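The residues making up each chain are set out below.
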Amino acid sequence: MILSRRSIILSGITVAAAGALPGFAYAAAGTPKRLVFVIQRGAADGLATVAPTGDPAFAAARRAMADETAGGAKLDDMFTLHPALAATAGLYTGKQAHFAHAVATGYRDRSHFDGQNMLEGGGARPYGRDTGWVGRLLTLLPAAERDAIAIAPAVPLALRGTVQVGTYAPSRLPQADADLIARLTALYADDPLLHPLWDSAVKTQELASDIGGNNGRNGADLGKLAASLMLPADGARVMMVETGGWDTHSGQRGRLAAQLRGLDQLVGALQTGLGPAWSDTLVIVATEFGRTVEVNGTGGTDHGTASTAMLLGGGLSEGGKVSADWPGLGAAARYEGRDLKPTRSLESVIAGAVARHYALDAKRVMTTLYPDA
Amino acid sequence: MAAQYLAANRFGLGRRFDDPAIDDPKAWLTRQIGDYDPAPAALAGLARRDAIATAYAEYRDERQAMRREAKDATMRDDGDPMPEAMRRMARAGFRKHYAEAAGARLAAAVATPTPFPERLVHFWANHFAVSADKQTVVGFAGNYENEAIRPHIMGKFADLLINAVHHPAMLLYLDQAQSFGPDSAFATRVRNRGKRKAPGLNENLAREILELHTLGVRTGYTQSDVTAFAKALTGLTVAGLGRGAGQRLMPADARPGETLFIDRLHQPGAQTILGKRYDDNGARQAEAVLRDLAVHPATAKHIAAKLARHFTGDAPPAALVDRLSADFLKTGGDLPSLYRTLVASPEPWAATPAMFKSPWDWTVSMLRALKVPALGERQNIAAMFTQLGQPVWRPGSPAGYDDKVATWAGSAALMQRVELASRIAGRIGDRADARALAPLVLADALTPDTAQAIARADSPGQGIAMLFASPAFLRR
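The shown structure was predicted, so the numbers you read here are calculated from the model rather than taken from an experiment. (Residues numbered from 1 in each chain as written. Chains lettered and ligands numbered in written order. Predicted model: local features only at pLDDT ≥ 70, side-chain atom pairs only at ≥ 80, totals over all residues.)

Q: Could you clarify how one ought to interpret the overall build of chain B in this entry?
A: Helix and strand counts for chain B come out as 24 helices and four strands. Here the C-alpha radius of gyration of chain B, 25 Å, is about what a compact globule of 476 residues would show, namely 23 Å. Once the C-alpha set of chain B is aligned to its principal axes, its extents read approximately 80 × 65 × 35 Å. The buried share among the 476 residues of chain B stands at 52%. For chain B, long-range pairs separated by at least 24 residues make up 73% of all intrachain contacts whose partners lie at least 6 apart in sequence. (Helix = DSSP H or I, 4+ residues; strand = E, 2+ residues; numbered from the N terminus. Rg over C-alpha atoms; globule rule 2.2 N^0.38 Å. Buried ≥ 20, exposed ≤ 12 C-beta atoms within 10 Å, placed from the backbone. Contact = placed C-beta atoms within 7 Å.)

This is how it looks when you write it as structure tokens:
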């Protein structure tokens, strides 16, 4: 599916960039670079995504959930990839995937709102910046690689900046996702009017919702859509994809597996859809913070600190590796006694990957993307 | 007692993001009665009656011309696909008036500094309902609310009634424009020519005024009252809408869309209604009936019960209904006095969140809460409310929308709201902070459960959706 540029909405205005800039579509020398930023909203559990099964404290801390990654690809002596990430495991084998572990932004509290603001804005404190790191990156890119779009109804903070950015929100993607529905179910539990109404509404609602829904096919659809927006000669070169549903306070085993299956299919569809352009594509997958080392009383994990970020792409120079200054999971090694301790800044991981991908000066990238660092 | 929440939501349309705190809820409401502006800026620039009537007449004329042409074309066997497209284009003329008025209505409700009177505008427009599923009403519906209802909600009930009944939208909706005195000069002439059946009486408007607008159903009026009242109403019609029976009698200077009284259509003679004799003095005959109906004890009770239900819930307390009814009778239907008595009464301030917001109220309260525009510039307002189950000015019956919890609290309707809240939240993202907004808009009705659910949302957007879908926000 190739979407007409005219169908892409830019804050209510039709994007005219391709037509307005003469020769835009053919100006680039060689293949232009592409960048996809997949945000995992809700704090994805890095310890279950890339599980430190080789850490002696892991099994005891995760108790019954320690085998969450059983059957997953062994990445090295220490780490096992979640089995739902099958296509990603294939990328790892082909040196097209890199996992940075025990990473976190400069944010050290546990609010999703504030954490996402730091991850996207790239400031030193929540609400410290009103533009985002991707938006600032655009100013460093040549015109042919600067065309950016978000698959979202509005421009997310990460993409905001001086360069105009488009948005595309396919109406067929349902808006009330499974996670919101679950939260409202809890909120209405004691309401004599809303509880029965909602119960029957949810039963009749097809839960073909977020990326985890429909056995991962929603993720595949999203990946296909993203590829179709980025593939054309005059298509987008920088893209942000929103994913939600990572806040697994309860029933993590099934929910996280579904989420990761959706993410895996998203990445797979993106790779397939981009074809040869995949070798000039960098995908960054990151979340606002991680989750507790210990499992809580409801088969889930609570808000934590460090997590995992993924770098994926056909031309990745650091592929086939898990990088971590591993702090250990023993009680004394944890951040505030409960979380995976951050030993490396997520900002430096992102800036480093971006600089290598675009062959830009690393220092300049760092000071542009993260001016407060 | 969650007085701030009730003032803002039960009596108002939800707190605006920039509204100051409501320190004295009752004083805040009564002050709005004096501050009410019947012609807010958001409504300026809407089409006038003559433009609306002309657009409809053009549409109808073109449609008829197309039909003739299509017929000719078929006979000549050179069918042309154009007429259908042109028909749709002509149709767009008066549809546009409806869409623009619906958008302006929403803008006025979102912006208003006097949300209590604005709610009363919506209440009275629904009491005197017209419905845009009748094609002649579509273009006029907004004009009806703005010119027949808005200017008269702070006066006497009688004047509100008379203005509602005389507006072209009502005359067209309830067939008065096609009702003629059986013994009128016009009908007599047609009959004497003996060519065809003489035009006659249509009782629709007379019956609905008695049943819905004034006395209320089963309050003792009889069929002969309805017939006599219908006869008294004859002569009222609307100019400029084509070649109907009465249109040839229009004065040459009649402006399209104006209400006219044409004596040659009026049934001559005195009429007896509810035991009282009304002499035939032309247009003033029906007006005299309306003035009496407006202050009838059954009307007082009917209006009191409806108003009480709107502000207390499905089972309005008898004490409140009696108090409002007594006030209505004492003041001769003075509406501001009625509103003041309502606000001063204890019953509407009962803390139980008794009512479920209508889709209209709920949407308006969402938009009022947000500083950043929540809807895209190209959002089709009318389509949005149709999807939510409450098409604007299209209740489908002269009884208007039912004012009960069960009318709006349905499971599919709830999911629709959650989806719209979610879509709006997606647009807003982190440009509003639900944690700060919740104590503002839910005020003293914000429960720890809701506050916690919002604070634990997995993103700012999800927090907004949770706030708008929270039990207190869905209610009023």
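We are not done yet, so read on.
Q: Looking at this structure, how should I read the overall build of chain A?
A: Across its full length, chain A carries twelve helices and 13 strands. Within the span of chain A, comprising 373 residues, buried residues form 55% of the whole. The contacts of chain A with a sequence gap of at least 6 include a subset with a gap of at least 24, amounting to 72%.

Q: Would you explain the environment of A:Met118 in this entry?
A: Residue and element names in this part refer to chain A. With respect to the secondary-structure elements, Met118 resides in helix H5 (residues 112-121). A residue is classified by how many C-beta atoms lie within 10 Å of it, and Met118, with 27 of them, is buried. Separated by 15 residues in the primary sequence, Met118 and Trp133 have C-alpha atoms spaced 9.8 Å apart. When residues no more than four places from it in sequence are discounted, the contact partners of Met118 are Thr105, Gly106, Tyr107, Gly123 and Pro126.

Q: Would you explain the pairing of strand E3 (residues 34-40) of chain A in this entry?
A: Side-chain positions along a regular strand alternate between the two faces of the sheet. Residue and element names in this part refer to chain A. Most of E3 sits out of view: seven of its seven residues are buried. Residues Arg34, Val36, Val38 and Gln40 of E3 are buried on one face, and the alternating residues Leu35, Phe37 and Ile39, pointing to the opposite face, are buried as well. Judged from the seven bridges that link them, E3 and strand E10 (residues 281-287) form a sheet pairing that is parallel. From the neighbouring strand, Leu35 faces E10, where its bridge partner is Leu282. (Pairing = 2+ DSSP bridges.)

Q: Looking at this structure, I do not really get the packing of helix H8 (residues 157-166) of chain B against helix H13 (residues 283-294) of chain B. What am I missing?
A: For any two helices packed against each other, one specifies the inter-axial angle together with the distance between the axes. Residue and element names in this part refer to chain B. One can describe the packing of H8 onto H13 by two numbers: an axis separation of 9 Å at closest approach and a directional angle of 135 degrees. If you check the angle between H8 and H13, you find them oblique. Note on packing geometry: the crossing formed by H8 with H13 is right-handed. On the side of H8, the interface is formed by Phe157, Ala158, Leu161, Ile162 and Val165, while H13 contributes Glu287, Leu290, Arg291 and Ala294. For the contact of H8 with H13, the residue count by class is seven nonpolar, no polar and two charged. (Axes fitted to C-alpha atoms, helices over the stretch in contact; angles between N-to-C directions. Parallel < 35°, antiparallel > 145°, perpendicular 65-115°, else oblique. Left-handed = near helix turned anticlockwise from the far one by under 90°. Nonpolar A, V, L, I, M, F, W, Y, C, P; charged D, E, K, R; others polar.)

Q: Would you mind showing me how to read the pairing of strand E9 (residues 238-243) of chain A here?
A: All names here are of chain A. Among the six residues that make up E9, six are buried, leaving the element largely enclosed by the rest of the structure. Neither face of E9 is left uncovered, since the one carrying Val238, Met240 and Glu242 and the one carrying Met239, Val241 and Thr243 both have all their residues buried. Sheet topology places E3 next to E9; six bridges connect them, and they run parallel. Paired with Leu35 across the two strands is Val238, which belongs to E9. When strand E7 (residues 148-151) meets E9, the two strands line up parallel, connected through four bridges. By the bridge assignment for E9, Ala150 is matched with Met240.

Q: In this structure, what is going on with the interface of chain B and chain A? I would like to understand it.
A: Quoted interface sizes are often the accessible area lost when the parts come together. The partner chain A presents 31 residues to the 32 residues of chain B that form the contact. Within the residue set of the side of chain B that touches chain A, elements represented by two or more residues are helix H20 (411-428), helix H22 (448-455) and helix H23 (460-468) of chain B. Here the side of chain B that touches chain A takes ten residues from H20(B), the largest share from any one element. For the side of chain B that touches chain A, the class distribution of residues is twelve nonpolar, eleven polar and nine charged.

Q: So what exactly am I meant to see when it comes to the environment of B:Leu171 here?
A: Residues and elements named next belong to chain B. Position of Leu171 relative to the elements: it lies in helix H9 (residues 168-173). Sequence separation between Leu171 and Leu205 is 34 residues; the distance between their C-alpha atoms is 7.5 Å. What Leu171 contacts, discounting residues up to four positions off in sequence, is Gln176, Ala177, Leu236, Thr237, Val238 and Thr259.

Q: Where do I start with the confidence of the model for chain B in this structure?
A: Residue and element names in this part refer to chain B. Taken as a whole, chain B shows an average pLDDT of 91; of its residues, 93% reach a score of 70 or greater. Across residues 76-82, where pLDDT falls below 50, the model places four contacts with residues more than four positions away in sequence or in other chains. Listed scores for the predicted complex are pTM 0.76 and ipTM 0.87. (pLDDT = per-residue confidence, 0-100.)

Q: For this particular structure, what's the right way to read the packing of helix H14 (residues 297-312) of chain B against helix H15 (residues 318-331) of chain B?
A: All names here are of chain B. Interhelical geometry of H14 versus H15 gives an angle of 135 degrees and a closest axis separation of 8 Å. As far as their axial angle goes, H15 and H14 are oblique. Read as a crossing pair, H14 and H15 show a hand that is right-handed. Along the contact surface, H14 presents Pro297, Ala300, Lys301, Ile303, Ala304, Ala305, Leu307, Ala308 and Thr312, while H15 presents Leu320, Val321, Leu324, Ser325, Phe328 and Leu329.

Q: Before we go on, may I ask you to explain helix H17 (residues 359-369) of chain B in this structure?
A: In an α-helix, one turn spans 3.6 residues; hence positions three or four apart end up facing the same way. With eleven of eleven residues buried, H17(B) is to be regarded as a mostly interior element. Buried within H17(B) we find B:Pro359, B:Trp360, B:Asp361, B:Trp362, B:Thr363, B:Val364, B:Ser365, B:Met366, B:Leu367, B:Arg368 and B:Ala369.

Q: Which parts of the structure should I look at to understand the environment of B:Ser179?
A: All names here are of chain B. Counting through the fold element by element, Ser179 comes out in the loop between H9 and helix H10 (185-193). A count of 27 C-beta atoms within 10 Å places Ser179 in the buried class. Through-space distance from the C-alpha of Ser179 to that of Gly235 is 7.8 Å; in sequence the pair is 56 residues apart.

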